[in-house]
Structure formats: structure tokens, C-alpha cells
Amino acid sequence: MKRILLLVIYLATHTSIAQSIIILDADSKFPISNVVIFNEDKSKKVISDKNGIANISDFAENDILSFIHISYIEFEVLKRQIPKTNIVYLSSSALQLEEVFLSASKGKEKRKRIAEQIAVFSIKDIQNTAPQTSADLLAEIPGIKVQKSQAGGGSPVLRGMEANRVLLVVDGVRMNNAIYRKGHLQNSITVAPTTLDRVEIIFGPSSVIYGSDALGGVIHYYTRKPMISEKFQTNISLLNRYSSVNDEFTTHAGVELSSKKMASYTDISYSKFGDVRMGKTRNHGFKDWSRVFEYSNNTDSFYNPIPVANSNPDIQRNTAYNQTDVLQKFYIPLSKKTDITFNFQYSASSDIPRFDRLTERRNDELRFAEWYYGPQKRLLLSSQLEVQPQKKWMKQGTITVAYQDIHESRINRKFTSLNRTIRKENVAVFSINGDFSIPLTPTEDRILSYGLEFTYNDVTSTAQGKTLAVNGNEIIGFSDTFKVQTRYPDGGSTYTTAAAYIDYRQDISKKSTLNTGIRFTDTRLTAKWIDDTFITLPDNDISLNNSAITATLGYIYKPSTAWQLNAVLSSGFRSPNIDDIGKVREKGGNVTVPNINLRPEFAYNAEFGVLKYINEKKFFVGLATYFTLLDNYIVRDHFLLNGSTTILYDGEIANTVANVNKNTAYIIGGTFTMRGKLSKRFKANASITYTKGRTYDTKEPLSSIPPVFGTVAITHEKGRFEMGLDYKFSGRKKPSDYNITETIDRIEQTPITTSGTFYGSPAWATLNFNSKYRVSKNIDFLIAVENILDIHYKEFASGISAPGRNFLFSLMANF
């Protein structure tokens, strides 16, 4: 109260010169910065500073002022009706359905006009959960399951699809590139959660707006954006976090500089993760499942010909790594109708041990002395021009030009050998896309959107073998080099896409909205193999061209203010990329070889959703169900290469497999959610997701289909203090529901029964506690206890056990 009184006195003393107001959070009463205030025709605009203060002198007394902030419900008021205290309160967007979404149509759209199943994770959600990586962040969102092969990874699964069937986007730039693989993918961690303002998810095929790869859905990361201010100001944000389960230390610093003509935001994050301790409470009944009794302590400079005993089998050795992330943005308003944002992002990790390969056994002995990913590096340079020409053919639009440079490498050596193999990949990606919209009526109840996109991927793949020279336990150099098969075509490869789309959204009446869209995409792939020492192909120089038309039809019906019904018919496709067609790699005695005859796969989707508001829209329950038909779907299967089913690879005889097209398969499922306020102080949310996938032709289960899973959580807020409990659970996945052919489901990672058969993935549940105390308007302190009962479990298809009991401490400061 004292703080508010001081602000009121400050405002009162300045009213004679200029009318200023202060904007406060309705619950905490803390100031809200970066609130944009418009008049009705948007000819005037001001932004609140870090103290929540905005000068509204330029607005007329009869102007209707709109207060807009992405984390708060939009508020409108006549200027002359603003209270004499000059204080305006905004309410947090506690309900998902009241928020404005940016991803569904690549423009601002309210939930009531979107037919697809969508979800959002706001900056407040990110801060409250304090995730170690963005993969951990995604695991908190209803309807998303995350698989891990090592600690430095995380492959999100949406509607039974993952990896290159899920599209990752950051700030309007697609992250998926020509070597995004089928199976499991760890690239989601290359965007640090500390840099994020929000994450939006669109479930189901979204190819009309986003093109190829968006079969399971779209995950769109939005990093923080600087805002201009009437006078120069500086905002500094700091974060320090410690997690006990893997001795994680994270340090983050962000600096925002704002002026009337330019704004800058600089963000640097560093995280150091130690080895992960698994849970000790084994409710599943398998005493030693996944415990690590011996491990390799070999490094790139230390040599040991035999494994060493693990002093604590619950510690998963070879899971430690570190990561550095840098974000730099410049925002420049060129005019009242044009602005530009320059975006620089860089993420680099240390070596990341591939834990599941380092625990792989053959003849009851550890197979690999070394198996790790070299530093994973992602560079993004982009410029985004936003224009509002207010013309008949375009009211507003965004043009994004981007360049990405991605580096990956894989290094391995067997215990029985001194030969180390090194495979390196580099992908350079150039892209440009334009997204525009035209309101066809003054009330904007009919909007036509259209866009163009072009991407070009240039892939370089190299490989080299080196024979170690050792002196005792020291690697003193290399005694020889030898040829190694590259992972991708050694003569280089390219992957190009060109696309155009049109999207139309119309309010047919006050109760119904129609959304339709169509997109044409053309893809071209070239690949050249030079060295045929290991593999001889029917054609060493290929050029493939595929094109597709996809469409969406969505309908929203609101019979009353308390109900919303959604229906969607949509199609999607995925054109084979370099990884699908040209990869060579070994896993579990199978070597994936190129298949230059691979064709695109398609998805045809029908979904229905119902939403029910309760207690004057303070609470809602929702159910989204869907049926997806996959046609010409791609799977990894046994393959005949040059008349043979075996191949000599890295000195061992292995079976040949390849990505091939099959006929049809289906995925059905649904997610039930509830969220909102139970009372003034209590909030609750819950979700449960069910998925099933089968092939029509081979009668097998599809890969990547998780068992039933969900969350129940309750939160209490009072003043500066917030605390919550949540219960996460996952059902059992039986062996009969595993796809054995592709090996993606990793049934070998599940327990073995007394009869010698695999048990499948055991059911599990964890109880978790979190709390936050606002020490002041500048400082927040978080304490959490994750997996309170120290339960041992593995996420479905994961090669690493989940963390055990974890004490998390986080301090956030904003000045």
C-alpha cells in the first residue's frame, strides 16, 4: 500500500504538466512495464515504462484507449473515465481461451476464432516452473510427451509424432532443416528457456501456414523482444538457479536499453549440468533396472581399455554437459507504420555424451568406450520487417529474412579398438518468408491472409578415422588415419522449398466462424556420393522434385457464451529430406542405408473439440479429439542393397535397413484439459492425453505412440506468495503395443521379466511442489521439490532414467 501511495503522489505532482497514469497488476499490485496503449484508429501509441507509468497527454478526452500486453487481458476505457487516482489495473490472462495467439494464423488472433487445438506457455509459466532446458519446458505442456536418449536432449512428441514430423519455429524462422531425422531429435534444447517470452503449440497438421514437417504440430518459440520508451531507460534481469539432482548451476543476465528511436535486448545464459541421479523408490518392482554398475571413463585425452565400477549405481555417469546461449535483438521503429527487428541467436554446448549408447552392451560387455556428440552449435541471423501500409491489398505484413548455421558431430570408439571415428555435419540455411493480411470489412470480421516462403539448405558431411597412440592411460596422439563412411552424401547435398498460401477467416455470425486455407509447396533435393568404398548405389548423383497441395477447413460454433465447439478438416505432408534419403548410420546391429526412391508422406486429419466455460469464464474444461490417416507413410524397414541384406560397417557385419514408403496407417487420440480459478486464492489445472496408432497394411503398432499420461495441479496465491502441488502420471505401455521393426520405441530399454521377456514401459507417478515469493517488485525467490517421493521411472522410449528427488532454488531479479 505504501508503494502505491508513493506512486499516486508522484503522478499527482506531475499531472499539471502532463497526464500520466500507472498500470498495475490487479493481483500483486506491482507495476506492469511494456503495456502498449492505443487509441481506436491506432494513430497514437504510448508504452508504459519499467515503473508501469505512461504519459497519455496526447490522447483526446473522448478517445477509447486499449491497453494491450501479451500476458494480460486486453482492457478498454474512455480516457475521461480513467479513475482520478490515475491507476489502471490489468488482469492476468489466467485462462488460455482469453489470450491472443500469434502462431495459428501468423498474426494476432483470439482463441474464440481458432478451431485447432492450441496451447500456450507464458513467461509467467516459464518462470514458475524454472525448467532446466526447453525440452523440460515442453514436458510441462498438456498433450506433449518428451523422450530423452541423454541428459542433453529432449524429443517432443505431439499426437504420436516426433522429430522431423514436428515443426520447430523460433521467432518466425523454421528450425527444421534438411538433416532433421526420423526417430528422436535433441534440437529443441538449443533455445534456452531463460530467453523466452512465450511458447505456442498448434496440434495436428498445420501445413497450410507452415509447410512441410508440420504433421504432428508446430512448436513456436518466441524470444523476448525489446520495447521502445518515451525516455531512455535501462532494464536489467538476472537469474541464478541450482538443482540438486544433477548439480545444475544456471546463470542468466539480460539487459534492455530503451529509447524513443531504438530498443536493444541482450541476453546471455550459461548452464552447467552434472551427472543425473535417478530415483531410488522402485515401485515397479525391478530392483536393478537401468542402474549403472560400470561405465567408461574414457575421454578424448584419457585412455582406459576396460570399464570402471560405479561407486553409486544410481548416478548415471556420462550425462554431464554445459551450454551457453546468447540472444541479441535490436528493435527500430522506422516510421509510424514500419519497424524492423534484428535478431542474433547463438547456442553452443560442450561435448554431450550419448548415454544410451555408452550403456549399450554386446555379449554382456559394454560396447563403446567413447560415444558423444561434439559441440552442438546453432547460429541464427534474421531481420524482420513489419509494415502497416493500410492499403486495400495489404493492411499489415511481416517479411522475415534469415540465415542459420548449424554444426553437429558424432564421435565414437569401441572398447575393443583404438580406432576413433569422427563424423561432422554442417548445414547452412537461407530463408525468406512474407506473411500479409487484409481485412475485407471495416469490422475485420472477414480477413484474408496470404504468404510466400523460400528456403535453401546446403549440407556438408565429412568423416575421418583416427587410430589412437597411447602411453599408459594417456592419449599422446594418433598413429594412423583411415577412411570412414560419411553420414550424409560426401559430395554435398541441397534441399530447397518454395511455397505460397492463402488463408481466409470469416465470422459468419456472432456465434460462428469459418476458417479455410490452401497452400502449394514445391521441394527439390540434390545429393552426390563420391567415395564408394563402403556403399555402392544405383545412382551416385540424384535430383528429386516433389510438390503438394494442402488445405484446411475449420469451423467454430458458440451456441452461448459458455460453450464453444470446434471442428477441423486438414491435410499435411512431409517431403523426404537429406536425412530420410541419404543417411548412413549404425544402431543395434542395423545400418541405415540410402533409399533414393523415397516419396513424400501425407496426413489427413479430422478433429473435434468442445470447450465449456464455468463460473463466468473463470474456469473451463475442454476436450480435443482427432483421427489422422497417414498415407504413403515412411518407416524404417529391412532393405535390399545391391542384392544383399548385410553390409560391412565400421569393421562389423550388420543388417541393412532404410526408410521406405508403406501404404496407410492411423492415429487416434484426444486430450482432456481443465484450467482456471476455483476461488479467489486457488487455481487448478489438469489434463490427460490418450494416443493410439496402428498400420492398416502391416497390422503393427506405429512408433512414438506414448502411453496415456497427464497432470493434476493446484495452486494457491495470496499477495506475494504462491505455492502449488502437482501430480504427474503415465500409464504402462505393453510390449504388444511397441513397434519392433523400427527400433525407435526402444523396447530393449524396458525391464526384463523373470521369464526373460521385455515388460514394456512401467506405469509411474510423481508428486511435485513449487513455491514463489515476491520479495519486492524487483526480486522473486523460488523453491521447488520435484519428484518428492524419489520415484524411479523412465519416460517411454527414453534411454536415460528420469531424475530422482530434486531440490531447486532460483533467484530472479529485475531492475
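Each residue is numbered by its place in its chain's sequence as written, counting from 1. Only residues with pLDDT of at least 70 get local features here, since the model is predicted, and only at 80 or more are side-chain atom pairs given and counted; chain-wide, interface and lining totals rely on the full set of residues. Excluded from the side-chain calculation are hydrogens and water; included are all heavy atoms of the structure.

A. The overall build of the protein, seen in detail. When its secondary structure is counted, the protein shows six helices and 53 strands. Compactness check: the protein gives a C-alpha radius of gyration of 27 Å against a globular reference of 28 Å for 815 residues, within 12% of the reference. Think of it in three bands: residues with accessible area under 20% of the maximum for their type are buried, residues over 50% are exposed, and the middle band is partly exposed, with areas taken using a 1.4 Å probe on protein chains only. The 815 residues of the protein split such that 58% are buried. Once local pairs closer than 6 in sequence are excluded, the contacts in the protein between residues at least 24 apart make up 66%. For every accessible area listed, the method is Shrake-Rupley and the probe measures 1.4 Å; residues are considered covered only by the protein chains on display. Accessible surface, the protein as shown: approximately 33,100 Å² in total, 58% of it carbon and sulfur. Where the 98 positive side-chain charges of the protein centre and where its 82 negative ones centre are 6 Å apart. Runs of H or I in DSSP of at least four residues are treated as helices and runs of E of at least two as strands, each being numbered from the N terminus. The size measure is the radius of gyration over C-alpha atoms, and the globule rule it meets is 2.2 Å times the number of residues to the 0.38 power. Contacts are residue-level and defined by heavy atoms, with any inter-residue pair within 4.5 Å sufficient. Working convention for charge: Lys and Arg count positive, Asp and Glu count negative, and His plus the chain ends are omitted. Here the site of a charge means atom NZ of a Lys, CZ of an Arg, CG of an Asp or CD of a Glu.

B. Highlighting the pairing of strand β53 (residues 806-814). At least two DSSP bridges between two strands are required for those strands to pair. Where strand β18 (residues 233-243) meets β53, seven bridges bridge the pair, whose relative direction is antiparallel. Looking across to β53, one finds that N240 is bridged to L811. Here strand β52 (residues 779-786) runs beside β53; their pairing, made up of eight bridges, is antiparallel. By the bridge assignment for β53, D780 is matched with M812.

C. Here's a closer look at a nonpolar patch on the surface. The grouping of F721, M723, Y773, V775, F781, I783, F807, F809 and L811 at the surface amounts to a nonpolar patch, some 710 Å² of accessible area in total. Elements with a minimum of two residues in the nonpolar patch: β50 (721-730), β52 and β53. When residues of the nonpolar patch are assigned to their parent elements, the largest contribution, three residues, is made by β53. As for its placement among the helices and strands, Y773 is situated in strand β51 (residues 764-774). Residues with no salt bridge and a relative accessible area higher than 30% make up the patches, which join like charges within 9 Å and nonpolar side chains (Val, Leu, Ile, Met, Phe, Trp, Tyr) within 5 Å. Here, a salt bridge means any Lys or Arg side-chain nitrogen found within 4 Å of an Asp or Glu carboxyl oxygen.

D. Examining the sheet that holds strand β2 (residues 36-38) more closely. Pairing is antiparallel across the open sheet formed by four strands, whose spatial order is β3-β2-β5-β6. Of all strands in the sheet, those bounded by a partner on one side alone are β3 (45-47) and β6 (75-78). Each adjacent strand pair in this sheet contributes to an overall mean axis angle of 20°, direction not counted. Strand direction decides the pairing type here: β2 and strand β5 (residues 64-68), joined by three bridges, are antiparallel. The partner of V36 across the bridge, within β5, is I68. Structural elements are reduced to axes, namely lines fitted to C-alpha atoms, with helices fitted over the stretch in contact, and the angle between N-to-C directions of any two is expressed from 0 to 180 degrees.

E. Region of the structure containing the packing of aromatic side chains. Think of it this way: a Phe, Tyr or Trp ring, Trp meaning its six-membered ring, pairs with another when their centres are within 6.5 Å, and the plane angle makes it stacked under 30 degrees, edge-to-face over 60, tilted otherwise. In this structure the tally under the stated criterion is 14 aromatic pairs. Aromatic pair F436 and Y450: ring centres 5.4 Å apart, planes at 35°, arrangement tilted. Taken together, the positions of F436 in strand β33 (residues 419-439) and Y450 in strand β34 (residues 446-471) put the pair 14 residues apart, joining distant regions of the chain. What links up through ring pairs into an aromatic cluster is the set Y403, F430 and Y456. Whether a charge sits over a ring depends on NZ of Lys or CZ of Arg being within 6 Å of the ring centre and within 35 degrees of the ring normal. Across the ring face of W371, the terminal group of R354 is positioned such that the distance to the ring centre comes to 5.6 Å. Over the ring of F478 we find K466, and its NZ or CZ is 4.8 Å from the ring centre.

F. Highlighting the pattern of salt bridges. Under the defined criterion, the tally for this structure stands at 48 salt bridges. Put simply, R410 and E408 hold a salt bridge, and the shortest N to O gap is 3.4 Å. Relative accessible area serves as the criterion here: at 5%, R410 is assigned to the buried category. Salt-bridge contacts for R410 lead to E425; the nearest nitrogen and oxygen are separated by 3.2 Å.

G. The nonpolar core, seen in detail. As used in this record, nonpolar core signifies buried Ala, Val, Leu, Ile, Met, Phe, Trp, Tyr and Cys residues forming a set joined through side-chain atoms within 4.5 Å. Judged by nonpolar contacts, the single largest core of 41 residues is most densely connected at L138, V199, I219 and Y221. Where this core is concerned, the elements lending two or more residues are β10 (118-122), α3 (134-138), β11 (144-147), β14 (166-170), β16 (196-203), β17 (217-223), α5 (355-358) and β30 (368-373). For this core, the leading source of residues is β16, giving four residues. In contact with I219, not counting residues within four places along its chain, are L138, P156, L158, V166, L167, L168, V169, V199, E200 and I201. Ranked by size, the runner-up nonpolar core spans 40 residues in total, among them L215, Y633, Y649 and A658.

H. Highlighting the sheet that holds strand β7 (residues 87-90). Taking strand neighbours across the sheet as the criterion, the three strands line up as β4-β1-β7 in an open arrangement whose pairing is mixed. Of all strands in the sheet, those with a lone pairing partner are β4 (53-55) and β7, marking the two edges. Taking each pair of neighbouring strands and ignoring which way they run, the sheet shows an average axis angle of 30°. Relative to β7, strand β1 (residues 20-25) runs parallel, the two sharing four bridges. If you follow D25 over to β7, its bridge partner there is L90.

I. Structural view of the environment of F608. Counting through the fold element by element, F608 comes out in strand β42 (residues 601-614). Along the backbone, F608 and S33 are 575 residues apart, and their C-alpha atoms lie at a distance of 38 Å. The residues touching F608, leaving out its near neighbours within four places in the chain, are L565, N566, A567, L623, A624 and T625.

J. Local environment of a negative patch on the surface. Judged by side-chain charge, E40, D41, E74 and E76 come together as a negatively charged surface patch. Following the sequence through the fold, D41 ends up in the loop between β2 and β3. The exposure class assigned to D41 is exposed, which follows from its relative accessible area of 56%.

K. Here's a closer look at the confidence of the model for the protein. pLDDT runs from 0 to 100 and stands for how confident the predictor is about each residue. On average, residues of the protein score 91 in pLDDT, and 97% of them are at 70 or above. Taken as a whole, residues 11-17 scores under 50 in pLDDT and shows seven contacts with residues more than four places along the chain or in a different chain.

L. Spatial organisation of the pairing of strand β25 (residues 321-335). In the sheet, strand β20 (residues 263-273) pairs with β25 via eleven bridges, with the strands oriented antiparallel. Looking at the pairing, K272 lines up with N322 of β25. Where β25 meets strand β26 (residues 338-349), twelve bridges bridge the pair, whose relative direction is antiparallel. For L327, the partnering residue across the bridge sits in β26 and is Q345. What sits between the antiparallel neighbours β25 and β26 is a turn of two residues.

M. Summary view of the side chain of N246. By the element assignment, N246 lies in the loop between β18 and β19 (248-258). Among the residues examined, N246 registers a relative accessible area of 5% and is labelled buried. Distance and chemistry together define a polar contact, namely a pair of N or O atoms within 3.5 Å, with one atom able to donate a hydrogen and the other to accept it when in protein, and with adjacent residues in sequence counting only for side-chain atoms on both sides. Side-chain polar atoms of N246 contact the side chain of Q132, separated by 3.1 Å. Not counting residues up to four positions away in its chain, the partners in contact with N246 are Q132, F273, G274, D275 and V276.

N. The arrangement of the environment of G107 in detail. As for its position among the elements, G107 is in the loop between β8 (100-101) and β9 (109-110). If we skip the residues at most four places from it in the chain, G107 touches F101 and L102.

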